[in-house]
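# Descriptive analysis of the structure
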Amino acid sequence: MKKLLKLAVSAAIALLPSAAAFAQTDITWWDFLSGGDGIRMKALIKEFNDTHPDIKINATTLEWGVPFYTKVQTSAAVGQQPDIMTYHMSRYPLAVPTGILRPFSDEELASAGIKKENYVDAAWKQATFDNKVYGIPFDVHSIVLYYNKTILKEAGLLGDDGLPKGLDGLDNFNAALEKIKATGKVEYPLSLHTDEGGSMWRVFYTLLSQQGAKFIDADEILPGDAGVKALQTMAHWVSTGYSPKLISYEASIALFTSGKAAMHINGVWEVPTMVDLQKNGNLGFEWGAIEIPNLMGTQATWADSHSFAIPNSDAKPIAPEKVKIVLEIINWMNEHSISWASAGHIPAYKPVTDSKEFKEMQPNATYAKLADTAAFDPVSKLAGVAGPIYEATQNFVVPALNGQLEPEDAIEQMREELKSQM
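Conventions used here
Residues numbered from 1 in each chain as written. Predicted model: local features only at pLDDT ≥ 70, side-chain atom pairs only at ≥ 80, totals over all residues. Heavy atoms only, no water. Domains from an automatic or database assignment. Contact = heavy atoms within 4.5 Å. Buried area = accessible area lost by both parts, 1.4 Å probe. Salt bridge = Lys/Arg side-chain N within 4 Å of Asp/Glu carboxyl O. Polar contact = N/O pair within 3.5 Å; in protein donor to acceptor, adjacent residues only side chain to side chain. Helix = DSSP H or I, 4+ residues; strand = E, 2+ residues; numbered from the N terminus. Nonpolar A, V, L, I, M, F, W, Y, C, P; charged D, E, K, R; others polar. Expected span 1.5 Å × (residues − 1). Buried < 20%, exposed > 50% of the residue type's maximum accessible area, 1.4 Å probe, protein only. Axes fitted to C-alpha atoms, helices over the stretch in contact; angles between N-to-C directions. Parallel < 35°, antiparallel > 145°, perpendicular 65-115°, else oblique. Left-handed = near helix turned anticlockwise from the far one by under 90°.

### Side note on the domain arrangement of the protein chain
As assigned here, the protein chain comprises domain 1 (25–138 + 305–374) and domain 2 (142–302 + 387–420). Here domain 1 and domain 2 have C-alpha centroids that lie 29 Å from each other. In this assembly, 14 residues from domain 1 lie in contact with 16 residues from domain 2. For the pair domain 1 and domain 2, the two sides together bury roughly 1100 Å², of which 67% comes from carbon and sulfur. Among the residues of domain 1 in contact with domain 2, Tyr367, Leu370 and Thr373 are the three that bury the most area, contributing 39% of the side total. Along the contact surface separating domain 1 from domain 2 lie 1 salt bridge. Where Glu291 meets Lys369, a salt bridge forms, and the shortest distance between an N and an O atom there is 3.6 Å. Inspection of the region where domain 1 meets domain 2 yields 0 residue pairs in polar contact (both at pLDDT 80 or more). Ranked by residues supplied to the side of domain 1 that touches domain 2, first place goes to helix 17 (residues 364–367) with 3 residues. Per-class residue counts for the side of domain 1 that touches domain 2 are 5 nonpolar, 6 polar and 3 charged.

### A few points about helix 10 (residues 226–239)
Here helix 10 spans 20 Å end to end across 14 residues, near enough to the 20 Å set by a 1.5 Å rise per residue. Along helix 10, 10 of the 14 residues are buried, which leaves the element largely enclosed by surrounding structure. Restricting attention to buried positions, one finds in helix 10 the residues Ala226, Gly227, Val228, Ala230, Leu231, Thr233, Met234, Ala235, Trp237 and Val238. In this fold, the buried residues of helix 10 make contact with helix 8 (170–183), strand 8 (188–191), helix 9 (197–209), helix 18 (388–401) and helix 19 (407–419). Count one or two residues on from helix 10 and you reach Gly241, which has phi positive near 85°.

### Concerning the packing of helix 9 against helix 10
With their axes 9 Å apart at the nearest point, helix 9 and helix 10 run at an angle of 125° to one another. Classified by the interaxial angle, the pair formed by helix 9 and helix 10 is oblique. Once helix 9 is placed against helix 10, the crossing between them reads as right-handed. Of the residues in helix 10, those touching helix 9 at Met200, Val203, Phe204, Leu207 and Leu208 are Ala226, Gly227, Ala230, Leu231, Thr233, Met234 and Trp237. Of the residues assigned to the contact of helix 9 with helix 10, the class counts are 10 nonpolar, 2 polar and no charged.

### Digging into the pattern of salt bridges
Using the criterion set out here, one finds 8 salt bridges in the structure. For Asp83, the salt bridge is made with Lys322, and the minimal N-O distance between the two is 3.3 Å. Note that Asp83 is positioned in the loop between helix 3 (66–77) and strand 3 (84–88) and Lys322 in helix 13 (residues 320–335), a separation of 239 residues in sequence. Look at Asp83 and you get buried, because its relative accessible area is 9%. When its relative accessible area of 24% is taken as the criterion, Lys322 is described as partly exposed.

### Some thoughts on the side chain of Ser75
Topologically, Ser75 is positioned in helix 3. According to the relative accessible area criterion, Ser75 is buried, its value standing at 6%. Beyond its immediate stretch of four places on either side in the chain, Ser75 contacts Trp30, Gln80, Gln81 and Pro82.

Encoded structure:
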């Protein structure tokens, strides 16, 4: 009887699921990704979870901008921070000195197979302070020049390769705008989002960087006259009627997609908008996108990067075993970032951008070279998404380019405003 009982117990134990086989580590994830970005990231997270039964990413999307970064800071202070989060690299100069980000050791990176040489150099540098790496880049996103091939061809500005021609150099670009206007086919040659500081910062900083100038040099804000020249250029586009006054983000896009504007400067994140409209037969023309032409002498374009980072918490530091899993997740996300590229972004992981699949992805492959000349925000606590520079651009640059303030006065007031916050 005892033998039979022993055999029965052994059989029952054998039928029980193995605790080790079904052990699962929960990872808390925060991001600020909405719209097309959010859809693509949720799909990546689902794929990761489906293919990694031992790890479960529990993802939460929070409000973009200041609310997200404030939430990270307060949660870390009380030990309720996520294990992994998305973070704009333009915010690193503000975040690192305050101790919000946990650095990765060389040993941790090596163990995960994460190598500096596999990433866009400018983005990797943006995450490195005092030889410590505080985050891993996921992409490079920037502004680009969207264009209507039909209108540019009529104006004699489209090459046989389907790319714009004759746009390099400010005089040539302005002459091209006049040629487009002369066709009488559009209301505006160029559509800019002229009522908001964030969008106009990206254009302003591009024109500043193309002059080889710095926004901040030591303790000086906008030294020299490069800032005035950049703002005068933008204000000229509006005052001549090349671009509309005080127009919202949505309206600036609608001008282009409706065929009422021949060109449009906006982020790569609007590529899916154009792709979807064309796919559904709602665009009405062939379009393309290229890096911002070299207007001021040096090829450069404002850029930022989404990255992955771990919040630092003295109250409840992340466990070493979780760091290892987080780095596994980051590595996997970058290896699978071709789907992220469909949102218009340029993957920061070189093996993906070097792949045949990416090189056939248009228009991404055409403007991908801008990653080599990307101009990231100044390394300053004043800079970064939703930072003081964005606010100052709203207060001074926007009124100046819309004719409500002289460019010289706007730049001087911007200097004074930001100098007081240094």
